[in-house]
Amino acid sequence: MIKVGIIGATGYTGEELINLLLKHPEVRICYLSAKIQFPQKISEIFKKFKARIEIVCEELNFEKVSSQCELVFTALPHTVSMEIVPRLLNAKLKVIDLSADYRLRNLKLYQRFYKKKHSDPYRIKEAVYGLPEIYRQDIKKASLVANPGCYPTAAILGILPCLVADYIELSDIIIDAKSGFTGAGRKLDLSYIFAEINENLRAYKINTHQHIPEIEERLSSFSSKKLNINFVPHLVPLNRGILETIYLKKKKNKLNLKTEDLIKLYKRFYSKEPFIRIYDKESLPQVKDVVGTNFCDIGLYSEKNSSLIIIIVAIDNLLKGASGQAVQNMNIMYGYPETTALI
Ligand SMILES: NC(=O)c1ccc[n+]([C@@H]2O[C@H](COP(=O)([O-])OP(=O)(O)OC[C@H]3O[C@@H](n4cnc5c(N)ncnc54)[C@H](OP(=O)(O)O)[C@@H]3O)[C@@H](O)[C@H]2O)c1
């Protein structure tokens, strides 16, 4: 039985973590914390937890978390995690961090995109990027897992097989991404009120979104050439879910690739992956089939003699894009079946 704590328990990903971990037969949630005005039962903050968990959520107390837990999920905003994670690791706890603070190896890019100098730069090399489909062996031994971002999870899983197979030009990658509003966290902001979201659809941060360097850095490690990604995120009137439409340009010697060839490639590439579902020809993923699950659904399209490959990827931003993936990583770290509490 692992004794687990969650810091940032009152946010969307914290709420999902509690929900999943309560169903895990090998986990006991022992400690919950948030930036909270006064200690409060988590079942009073989220009524869905009534009669399921009676723990009080409180302001962070390092002594308590260190003595009561062996693994901590930090579900905190970026730039906050890096102030807290070092103290947890120094107390010999394992950490799965859901923020971006330990994902990027390039510190200059971190500072540029997250507007703050990294305060724990040496630890970044120790952190394992928590995408099980790529880094499973490293995750098994990790003390610090940098859980991937939601958009990068979908983008990397969607592009990687084509990249590894050397089918595509790396300078011509276009990602059209759509996300529900929980992706922005549980905060008060005029642009996130119902009347602004409902019946609306908008693009934002074209080619300036903070997830771009994360996608480029991870995919670049599978190629000797530099990648160039055009990334256009959109907010759609959904609570949760991400759908990415990815446009890739075939290499000149690969123009004869057809949808069937891609389906074969992807099915082989992900043949042992419990959470990747590759769609058959003419059937495409949609958000409602992944919401509430840890699955990543991938649909593929390519016509012979056309230069274009189109890939559709759907995930739940709060599950495969965050807390579900974090629990998947925990299962790997502790040797539990990877799907425990997730299927
Ligand atoms: N939402 C997603 O779809 C998603 C997907 C992938 C990754 N992530 C990442 O996961 C992390 C958490 O996301 P979220 O959506 O759950 O955010 P959120 O809903 O805004 O929740 C943030 C949590 O952190 C706590 N917190 C904020 N500032 C703090 C501080 N200075 N000290 C201690 N606790 C503090 C908040 O407590 P109070 O409520 O008391 O303020 C809350 O519990 C973020 O880094 C986010 O980028 C999110």
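Above this text sits the structure in question.
Residues numbered from 1 in each chain as written. Predicted model: local features only at pLDDT ≥ 70, side-chain atom pairs only at ≥ 80, totals over all residues. Heavy atoms only, no water.

A. Structural context of the overall build of the protein chain. Assigned secondary structure in the protein chain consists of 11 helices and 15 strands. The C-alpha atoms of the protein chain give 20 Å as radius of gyration, which agrees with the globular expectation for 343 residues (20 Å, within 12%). Based on the C-alpha atoms only, the size of the protein chain along its principal axes is roughly 65 × 45 × 40 Å. Across the 343 residues in the protein chain, those meeting the buried criterion constitute 56%. (Helix = DSSP H or I, 4+ residues; strand = E, 2+ residues; numbered from the N terminus. Rg over C-alpha atoms; globule rule 2.2 N^0.38 Å. Buried < 20%, exposed > 50% of the residue type's maximum accessible area, 1.4 Å probe, protein only.)

B. Summary view of the packing of helix H7 (residues 150-164) against helix H9 (residues 211-220). It is at 10 Å that the axes of H7 and H9 come closest, and there the two elements cross at 30 degrees. As judged from the angle between their axes, H7 and H9 are roughly parallel. When the axes of H7 and H9 are compared, the crossing they make is right-handed. Every residue of H9 that contacts H7 at Cys 150, Tyr 151, Pro 152, Ala 155, Ile 156, Ile 159, Leu 160 and Leu 163 is listed here: His 211, Glu 214, Ile 215, Arg 218 and Leu 219. (Axes fitted to C-alpha atoms, helices over the stretch in contact; angles between N-to-C directions. Parallel < 35°, antiparallel > 145°, perpendicular 65-115°, else oblique. Left-handed = near helix turned anticlockwise from the far one by under 90°. Contact = heavy atoms within 4.5 Å.)

C. Layout of the site of the ligand. Taken together, 26 residues surround the ligand, and among them Thr 10, Thr 13, Lys 35, Leu 76 and Arg 186 come closest. At 2.7 Å, a side-chain N or O of Thr 13 approaches an oxygen atom of the ligand. Asn 317 is positioned with one of its side-chain polar atoms (N or O) 2.8 Å from an oxygen atom of the ligand. Protein chains shield 80% of the accessible area of the ligand, which is 900 Å² for the free molecule. Among the secondary structure elements, those contributing two or more residues to the shell around the ligand are helix H1 (12-21) and helix H11 (319-334). (Near = heavy atom within 4 Å. Polar contact = N/O pair within 3.5 Å; in protein donor to acceptor, adjacent residues only side chain to side chain. Areas by Shrake-Rupley, 256 points an atom, 1.4 Å probe, with all protein chains shown as cover.)

D. Representation of the sheet that holds strand E15 (residues 308-315) within the structure. Taken in spatial order, the seven strands make up an open sheet running E10-E11-E9-E12-E15-E14-E13, and their pairing is mixed. Either end of the sheet is taken by a strand with one partner, and the two such strands are strand E10 (202-203) and strand E13 (276-278). Strand direction decides the pairing type here: strand E9 (residues 173-179) and strand E12 (residues 242-249), joined by six bridges, are antiparallel. Within the sheet, the bridge partner assigned to Ser 179 lies in E12 and is Ile 242. With respect to the sheet, H7 is in contact with E9, strand E11 (229-235), E12, E13, strand E14 (296-302) and E15, its orientation differing from that of E12 by roughly 35 degrees. (Pairing = 2+ DSSP bridges.)

E. Quick look at the side chain of Lys 320. Tracing the sequence through the fold places Lys 320 in helix H11. Reaching out from Lys 320, the side chain makes a polar contact with the side chain of Gln 325 at a distance of 2.6 Å. Look past the residues within four positions of Lys 320 in its chain and what remains in contact with it is Pro 132, Glu 133, Thr 153, Leu 157, Thr 293, Asn 294, Phe 295, Cys 296, Ile 315, Gln 325 and Gln 328.

F. View of the nonpolar core. Grouped together as the largest cluster of nonpolar side chains are 84 residues, with contacts concentrated most on Leu 32, Phe 73, Ile 175, Ile 298, Ile 311 and Met 330. Residues lining this core come from more than one domain, with at least three contributed by each of domain 1 (2-126) and domain 2 (151-318). Listed in part, the 25 residues of the second largest apolar core include Leu 76, Leu 88, Leu 89 and Tyr 110. (Core = buried A, V, L, I, M, F, W, Y, C linked by side-chain atoms within 4.5 Å. Domains from an automatic or database assignment.)

G. Here's a closer look at a positive patch on the surface. A contiguous patch of positive charge, built from Arg 112, Lys 115, Lys 187 and Lys 205, is present on the exposed surface. Take Lys 187: it is sitting in the loop between E9 and helix H8 (194-197). (Patch = residues over 30% accessible without salt bridge, like charges linked within 9 Å, V, L, I, M, F, W, Y side chains within 5 Å. Salt bridge = Lys/Arg side-chain N within 4 Å of Asp/Glu carboxyl O. Lys, Arg positive; Asp, Glu negative; His and termini not counted. Charge placed at Lys NZ, Arg CZ, Asp CG, Glu CD.)

H. The environment of Asn 61, seen in detail. Examined against the element boundaries, Asn 61 turns out to sit in the loop between strand E4 (56-58) and helix H3 (62-68). Side-chain polar atoms of Asn 61 contact the backbone nitrogen of Lys 64, separated by 3.0 Å.

I. Geometry of the sheet that holds E4. Read across the open sheet, the eight strands follow the order E3-E4-E2-E1-E5-E6-E8-E7; overall the sheet is mixed. The strands lining the two open edges of the sheet, one partner per strand, are strand E3 (40-41) and strand E7 (128-129). Alignment of strand E6 (residues 94-97) against strand E8 (residues 144-146), held across three bridges, turns out to be parallel. Of the residues in E8, the one forming a bridge with Val 95 is Leu 144.

These results come straight from atomic positions and should not be treated as a statement about function.
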